[in-house]
Amino acid sequence: MNLSLTDITLTYPDGTGRLTALDQVSLEVPAGTVVAVVGPSGSGKSSLLAVAATLITPDSGSVTVAGRETRTLGPGALAELRRNHIGVVFQQPNLLPSLTAAEQLQVMAHLAGRRPRHARRRALELLDTVGLSQQADRRPHQLSGGQRQRVNIARALMNEPSVLLVDEPTSALDQERGAAVMNLLVNLTHERCTATVVVTHDRSHLRAVDRTAEVHDGRLAELPPPGGLISRRAPTTT
Amino acid sequence: MFVACKDLRFARGRFALMGVVTTLIALLVGLLSGLTAGLGRENTQAITSLPADRLVFAAAPDGESVSFADSRLEKTTLTAWRSAPGVISADPLGIAMTRAEAGAVNRAVAAFGVTPGSPLAPDAKLDSRQAVLSQRAADELRLTVGDTFRLGARQLIVSGIAEGSMFSHTPVVWTSLDVWQPLASPRAVEVGRDDQAGDQATEADDPPVATVIALRVDSSASPDIGAVDRRLGTRTVTVEDSLAAIGSYTAENGSLQLMRGFLFLISALVIGAFFTVWTIQRSTDIAVLKALGASTGYLLRDAVGQAVVLLVLGTGVGTALAALAGVALGDTVPFVLEPATVLFPALTMTALGLLGAVLAVRRVTAVDPLTALGSAR
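Residues numbered from 1 in each chain as written. Chains lettered and ligands numbered in written order. Predicted model: local features only at pLDDT ≥ 70, side-chain atom pairs only at ≥ 80, totals over all residues. Heavy atoms only, no water.

Participant: Hey, could you run me through the nonpolar core in this one?
Facilitator: The nonpolar side chains of a soluble globular protein tend to be buried, and buried together. Among the nonpolar cores identified, the biggest contains 103 residues, and Leu3, Leu127 and Leu165 of chain A together with Phe275 of chain B are the most heavily contacted of them. Residues within four places of Phe275 of chain B in sequence aside, it is in contact with Phe15, Ala303, Gln306, Ala307, Leu310, Ala357, Ala360 and Val361 of chain B. (Core = buried A, V, L, I, M, F, W, Y, C linked by side-chain atoms within 4.5 Å. Buried < 20%, exposed > 50% of the residue type's maximum accessible area, 1.4 Å probe, protein only. Contact = heavy atoms within 4.5 Å.)

Participant: Would you mind showing me how to read the domain arrangement of chain B here?
Facilitator: Where interface size is given, it is often the accessible area lost as the parts come together that is meant. Residue and element names in this part refer to chain B. The assigned domain composition of chain B is domain 1 (2-43 + 249-374) and domain 2 (60-232). In this structure, domain 1 and domain 2 have C-alpha centres spaced 48 Å apart. Listed by partner, the interface residues are five residues for domain 1 and six residues for domain 2. For the pairing of domain 1 and domain 2, the buried interface totals around 420 Å² over both sides, and the portion due to carbon and sulfur atoms is 34%. Three residues, Glu42, Asn43 and Glu252, lead the burial of domain 1 against domain 2; their summed loss comes to 91% of the area buried on that side. Here Glu42 ties to Arg136 by a salt bridge, and the two come within 3.1 Å at their closest N and O atoms. Here domain 1 and domain 2 share five residue pairs in polar contact (both at pLDDT 80 or more) between them. No other element matches the four residues that helix α2 (residues 12-48) contributes to the side of domain 1 that touches domain 2. (Domains from an automatic or database assignment. Buried area = accessible area lost by both parts, 1.4 Å probe. Salt bridge = Lys/Arg side-chain N within 4 Å of Asp/Glu carboxyl O. Polar contact = N/O pair within 3.5 Å; in protein donor to acceptor, adjacent residues only side chain to side chain. Helix = DSSP H or I, 4+ residues; strand = E, 2+ residues; numbered from the N terminus.)

Participant: Can you help me understand the side chain of Ser98 of chain A in this one?
Facilitator: By secondary structure assignment, the location of Ser98 of chain A is in the loop between β6 (86-89) and α3 (101-111). Setting aside residues up to four positions removed in sequence, Ser98 of chain A forms contacts with Glu103 and Arg139 of chain A together with Lys6, Asp7 and Phe10 of chain B.

Participant: Just checking my understanding: could you explain the confidence of the model for chain A for this structure?
Facilitator: Low-confidence regions, as indicated by low pLDDT, have predicted coordinates that should not be scrutinised in detail. A residue-level look at chain A finds 94% of positions with pLDDT of 70 or above and a mean pLDDT of 86. Note on residues 226-238 of chain A: pLDDT is under 50 here. Beyond four places in sequence and across chains, it has 28 contacts. (pLDDT = per-residue confidence, 0-100.)

Participant: Is there a simple way to think about the layout of surface pockets in this case?
Facilitator: Gaps between atoms show up when a probe of the same size as a water molecule is rolled over them. Residue and element names in this part refer to chain B. Counted as a void, the largest pocket has a volume near 390 Å³. Looking at the largest pocket, it is lined by 13 residues, and the ones nearest its centre are Arg41, Glu42, Arg136, Asp331 and Pro334. It is α2 that provides the largest number of residues to the lining of the largest pocket, a total of four residues. Looking at the lining of the largest pocket residue by residue, the class counts come to four nonpolar, five polar and four charged. (1 Å grid on protein atoms, 1.4 Å probe; cavity = no way out; pocket = protein on both sides within 12 Å on 5 of 7 lines; lining within 4 Å. Points joined across faces, edges and corners; volume = space filled by probe spheres on them. Nonpolar A, V, L, I, M, F, W, Y, C, P; charged D, E, K, R; others polar.)

Participant: When you look at unusual backbone geometry in this model, what are you seeing that I'm missing?
Facilitator: What you tend to see is this: most non-glycine residues have negative phi, and most peptide bonds are trans. Even without being a glycine, Cys193 of chain A presents a positive backbone phi close to 55°. Note that Cys193 of chain A resides in the loop between α6 (175-192) and β8 (195-199). Even without being a glycine, Ser168 of chain B presents a positive backbone phi close to 50°.

Listed below in structure tokens is the structure:
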């Protein structure tokens, strides 16, 4: 299993008490599978993604990425895990303004200590994969919203992650471009055998994914169809 | 340095502006350092070049600092120091600020009275009718060997011209002690319009034999200098420490060093302020990079690398301009162009600027990568 969340509980300070963002959530995502996580704003979707990305340590439960249990890892080891095994596609592209499209990808290889010449070639290949080979030397302000999001996706794939975490990839795009981005994510997941979690509030693209789950008040529930791989350990009502 | 180099190129306007500021501060520091050293040399050159280990002053009353202007030593003191244990040589040195006249030219000079043939005396002949001029004094008075000039009440012949030597911003004229003595006593100068009368008056007033005594000691013999000082009412200091006894040097050097220190401080603060603002502006980028797996160490190296490039280039250009200015100024201003006056300030400024930058970019460690998930760019 490339990504496994088991009995995750996450709370935040809220005045004198604590607000439960995730309540006993479990999720397992094997390689080559796209799981969409839907839910209303504030339901805990982004918290789920942050926990899976090892950006937040949950109050309880375990997170396993590429076979490594993250609870005992220090900040340096977590950074190394994110660098080499987790690809993050942000809601907004979050591209670095000083870098060209190709360099946005090359920086990932640089973080991982890979050879610059090899990194440049791979970056161009990936940009070609997402249909941006002609825009490799353009900076973010020279790209459209859809192109930026595709660079964002390509950047997440640069270090060949086993887990791909995608946060609202279509929120800033129109329907047509949103569908294209979602199809691209699904195709890349199947081609590269990543375990992909796509957090979205847009249910119009769910037909493309393999499985769907819904978060409501911090609890995760599988949505039919297709079902099967999502753990049912979390209760569906509060 | 991957992102750092791209940022330097992308935000070249901001970095160029900061580079110009760094260059100008480095130029100012370089010029001030060269000028400080040059002015210091014009104050102290004649003392620092003395072939002596220590200088003996008349002790100042009530613990005050010794001074060349106030020190007067008698013959008995000189004799006692010559016989003190561990003393290899003790030579009298008289110093008096006076004026020299050569035709229509009248210049302030520092008269250095020495015993002819002593280690303190220049090579050319000295006696009661001859003096040796420093090159600067000769140039200003337009004199050459064999010419005559008037020093106080005496008419003297130039017996030689020595390499440039300055004391308290005035060129040095070496005389014998008997020529110096009337210059050191105002009454002697007053009555000494006639050479013979001057000699008689100073003799009658029991004039000082020297301003200071230049000592060479046998350090292996561990001489108890302090005990001799207490017994004779003198104060002995190293040649280096004796520079504080030149009144103009202490005030002037102190002011210039204070200015230089403030420039170092300003450069550190300016660099620190720039990188504080720059780091705050980049906090979203830093959060994104952290979320993508960049370690804090990587990001700190990246940010400090930017500071190093900025400081090395800015300081390098500024220092090079200061050196060029020093060459261009030549002898018109007292400017010393040496590694100590050019490279040392540049290295100090770079180090302090880097310290300011490091303190500023520390906030990289506080950026939460989680903010990248909710940020928009």
